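Tertiary structure, described
The chain contents come next:
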Amino acid sequence: MWKKLLFITFFIVKGNANDCMPRSFGPERIVCVCNATYCDSTPDNDPKVPEEGSFYWYASTKQGLRMDMIKGKHGSCQKSFPGTVLTIDSTKQYQTIYGFGGAFTDAVGINLDKLSPATRDQVISAYYDPKLGSGYTLGRVPIGSSDFSTRPYTYDDTEDDITLEHFALAEEDYKYKIPYMQKALKFNPETKFLSVAWSSPTWMKTNNRTNGFGFLKKEYYELYCDYLLKFLDEYEKNGLNMWAISTGNEPLNAYIPIDRLSSLGWTPKTMADWVGNFLGPILAASRHNETQILALDDQRLELPWFMMDVFLNEKAKKYIAGTALHWYTDFFTSPKLLDWTHQLFPDKFIFMTEACTGSGLLDYPKVILGSWDRGQDYILSIIEYMNHWSVGWMDWNLVLDETGGPNWINNFVDSPIIVNGETDEFYKQPMYYALKHFSRFVDRDSVRISITDTDTIKSTAFLTPSNATVVVLYNKNDKTINISLVDTNNNSLCLELLPYSMNTIIYK
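This report concerns the structure included in the present document. Along every chain, residues carry numbers that run from 1 in the direction the sequence is written. Note on the predicted model: pLDDT of at least 70 is required for a residue's local features to be given, and 80 or more for side-chain atom pairs to be given and counted; whole-chain, interface and lining totals, by contrast, use all residues. Excluded from the side-chain calculations are hydrogens and water; all other atoms, namely the structure's heavy atoms, are used.

**Considering the packing of aromatic side chains**
Keep this limit in mind: Centres within 6.5 Å are what make two rings of Phe, Tyr or Trp a pair, Trp counting through its six-membered ring; a difference in plane orientation under 30 degrees is then read as stacked, over 60 as edge-to-face, and the rest as tilted. By definition, any uninterrupted DSSP run of H or I lasting at least four residues is a helix, any uninterrupted run of E lasting at least two residues is a strand, and each is numbered from the N terminus. Partly exposed describes any residue whose relative accessible area lies between the buried limit of under 20% and the exposed limit of over 50%, with all areas from a 1.4 Å probe on protein chains only and scaled to the type maximum.
Tallied over the full model, the rule gives 37 aromatic pairs. Ring plane angle 15° and centroid distance 4.5 Å describe the contact between Tyr98 and Trp243, whose orientation is recorded as stacked. In this pair, Tyr98 is assigned in the loop between strand E6 (84-96) and strand E7 (99-103) and Trp243 in strand E10 (residues 242-246), connecting sequence segments 145 residues apart. The same class applies to Tyr98 as to Trp243, namely buried.

**Comments concerning the nonpolar core**
Note the following rule: Remark: nonpolar core denotes a set of buried residues (Ala, Val, Leu, Ile, Met, Phe, Trp, Tyr, Cys) joined through side-chain atoms within 4.5 Å. In what follows, residue pairs with any heavy atoms lying within 4.5 Å of each other are defined as contacts.
Counting 123 residues, the largest nonpolar core has Tyr155, Phe231, Tyr235, Trp274, Trp393 and Phe438 as its most contacted members. Element by element, the count of residues in this core is highest for helix H5 (residues 221-237), at ten residues. When neighbours within four sequence positions are excluded, Phe231 is seen to be in contact with Val141, Ile143, Tyr155, Phe167, Leu169, Ser195 and Met242. Grouped together as the second largest cluster of nonpolar side chains are 21 residues, Trp57, Ile70, Ile481 and Ile505 included.

**Observations concerning the side chain of Arg440**
We count it as follows: Whenever two N or O atoms come within 3.5 Å, that pair is a polar contact, provided that in protein one can donate a hydrogen and the other can accept it, and provided that, for residues adjacent in sequence, both atoms are side-chain atoms.
Tracing the sequence through the fold places Arg440 in the loop between helix H11 (430-439) and strand E18 (447-451). Within the structure, the side chain of Arg440 is placed 2.7 Å from the backbone oxygen of Lys131, a separation counted as a polar contact.

**What about the sheet that holds strand E9 (residues 192-197)?**
Spelled out, the test is: Paired strands, in this sense, are two strands between which DSSP finds at least two bridges. Interaxial angle, 0 to 180 degrees, is taken between N-to-C directions of lines fitted to C-alpha atoms, where a helix line uses only the stretch in contact.
The strand order around the closed barrel formed by eight strands is E7-E8-E9-E10-E11-E12-E13-E14, and the pairing between neighbours is parallel. Neighbouring strand axes in the sheet, compared pairwise and without regard to direction, differ in orientation by 30° on average. With two bridges joining them, strand E13 (residues 349-354) and strand E14 (residues 390-397) adopt parallel strand pairing. Considered in E14, the bridge of Met352 is made with Trp393. Its contacts with the sheet place helix H4 (residues 171-187) against strand E8 (138-143), E9 and E10, and it is angled at close to 165° to E8.

**Here's the deal with the state of the cysteines**
Heads up, the rule is: By convention in this document, the label disulfide applies to cysteine sulfur atom pairs within 2.5 Å.
Applying the stated criterion to the full structure yields two disulfides. Cys20 shares a disulfide with Cys32; S-S distance 2.0 Å. A torsion of -105° about the S-S bond marks the disulfide between Cys20 and Cys32 as left-handed. With Cys20 in the loop between strand E1 (11-12) and strand E2 (22-24) and Cys32 in strand E3 (residues 30-34), this pair connects stretches of sequence that are twelve residues apart. Of the two residues, Cys20 and Cys32, both sit in the buried class. Disulfide pairing places Cys34 opposite Cys39 at an S-S distance of 2.1 Å. Sign of the S-S torsion, about 65° for the bond between Cys34 and Cys39, identifies this disulfide as right-handed. The same class applies to Cys34 and to Cys39, which are both buried.

**A few points about the environment of Lys479**
Mapped onto the elements of the fold, Lys479 is located in the loop between strand E20 (469-475) and strand E21 (481-487). On a C-alpha basis, the gap between Lys479 and Pro499 in space is 4.7 Å, while along the polypeptide they are 20 residues apart. Within the structure, the side chain of Lys479 is placed 3.4 Å from the side chain of Asp478, a separation counted as a polar contact.

**With respect to the pairing of E14**
Where we set the bar: Handedness of a crossover: with both strands directed away from the viewer, a clockwise path from the first strand across the helix to the second marks it as right-handed.
With eight of its eight residues buried, E14 lies for the most part within the structure. Note: E7 against E14, four bridges, orientation parallel. Within E14, the position partnered with Ala103 by the bridge is Asn397. Between the parallel pair E13 and E14, the chain is carried across by helix H10 (residues 372-387), and the sense of this crossover is right-handed.

**Considering the sheet that holds strand E17 (residues 425-428)**
Spatially, E2-E3-E17-E16-E15 is the arrangement adopted by the five strands of the open sheet, whose pairing is mixed. Each edge of the open sheet is held by one strand with a lone partner, namely E2 and strand E15 (399-400). Bridge count for E15 against strand E16 (residues 417-420) is two bridges, and the pairing is parallel. Residue Leu400 lies in a different strand from E16, and its bridge partner there is Ile418. Across the sheet, helix H3 (residues 117-128) is in contact with E15, E16 and E17; its angle to E17 comes to roughly 20°. Running over the sheet, H11 touches E3, E16 and E17 and is turned about 60° from E17.

**Focus: the pattern of salt bridges**
For clarity, the cut-off: The term salt bridge refers to a side-chain nitrogen of Lys or Arg lying within 4 Å of a carboxyl oxygen of Asp or Glu.
All chains considered together, the criterion is met by 20 salt bridges. The closest approach of N and O atoms between Lys177 and Asp106, which form a salt bridge, is 3.7 Å. Residue Lys177 is found in helix H4, and its partner Asp106 is found in helix H2 (residues 106-112); the two are separated by 71 residues along the sequence. Each member of the pair Lys177 and Asp106 is classed as buried. For the salt bridge of Asp414 with Arg374, the shortest nitrogen-to-oxygen distance reads 2.6 Å. Separated by 40 residues along the polypeptide, Asp414 in the loop between E15 and E16 and Arg374 in helix H10 bring together distant segments of the chain. Classification of Asp414 by relative accessible area gives buried; the value is 2%. If you follow the salt bridges from partner to partner, you end up with Asp106, Asp173 and Lys177 in one network.

**Looking at unusual backbone geometry**
At the junction of Tyr364 and Pro365, the peptide bond is cis and its omega measures out at -5° in the coordinates. You can see Pro365 is positioned in the loop between E13 and H10. Backbone torsion omega between Gly405 and Pro406 reads 5°, so that peptide bond is classified as cis. One can find Pro406 in the loop between E15 and E16. One non-glycine residue, Leu296, adopts positive backbone phi at about 80°.

Shown next, in the form of structure tokens:
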């Protein structure tokens, strides 16, 4: 119906692309099925940026469209065209975008290993191929184990090994992480990697455990830096340099008595002391001196107070490039916390580094194949973070199985791609397309620009390095909404946004 309705004004562009092979798991619960020989893709347009006077429009809907594309011509909207006016002003510019991506956990590699080599390549291509896939430019990797491992481990579990003589990467690194990170880099050489530890070796901690109320012993502040640099060395030997390293995953989990997640507790003062006097100068003096330090890597409810206290230490402030955040408590915190943090520290970037659905105590089942609501959660979050100064948005596990694992503490969650090893296929969920509506088109070094939005139509816009304007819109309404996109450069587009639709519009 959508294509028939718009054919009068626009013409359909198929290009070099494959359509979604849909499979339904319930009313409006649609996935796209991929296997060793077939996977849906986005038209590889030439040019990628439409010629002046034209625009590309990609849409995904709750009813089943997936990145369907049409090409249209600019023109002044007729006064008789009713609808909402969204004004774009490229002279008002904000943060520079660094990218989008997901995490290479042990669970990701374990699930990829269930597939044939050709199907594995299809998965990595679906994410990292800049032409036919999502064009991811970022990957996050745990330093040691995370909960999405089959066991807790670090790279030196030998008690009191103060010379780090027994430091060694784990079997999981060589089998489940490194090979797939290398494949991602091959698909997209622009890919940059972030690294983060859940815990130091237990013997360096006050409680001698991977989880619980444990902190790094002061006498091991320097040794732990040496441990992290050894990780950087070993991954570098495998052709994987780290763009950034985090101060540690969710340090406030150490204060939650019942939390089984591995963690390393920090207060703002101890984190600042460790970074300012140890990690910062040691990293700067090493051959990894271009690796940036991200602080916090926890929930935004800790803003801005946590970073205010950290940055009271001028040494720490000197070495920290930005604040890493997770989305799990966003439902009861305001995005204004991001604005306040940016206003206080405009020279330090903000980065959303972990999100997933199905993580709540009441979320059941953990994996809901084809859930549009979860895709909606993703796109609304990305729009919100972009509009409040984040330079990127990162998913959690790139793939999981149909239970949402494996996970050694049974902390199962959902993922944009779910693997079915028995049939040698995988399912792209609406969450996958929510991210692709950004990552495929908003190139690194794009700049966010001004656009208005409404309670019903959520929007964000960017100016790319190739001088194209990219607009991402989400229609939250259960009805078709007419909109006029009015650019202050005197361009205007009249569009009909389908109910519950993700839309990306590109023009020059």
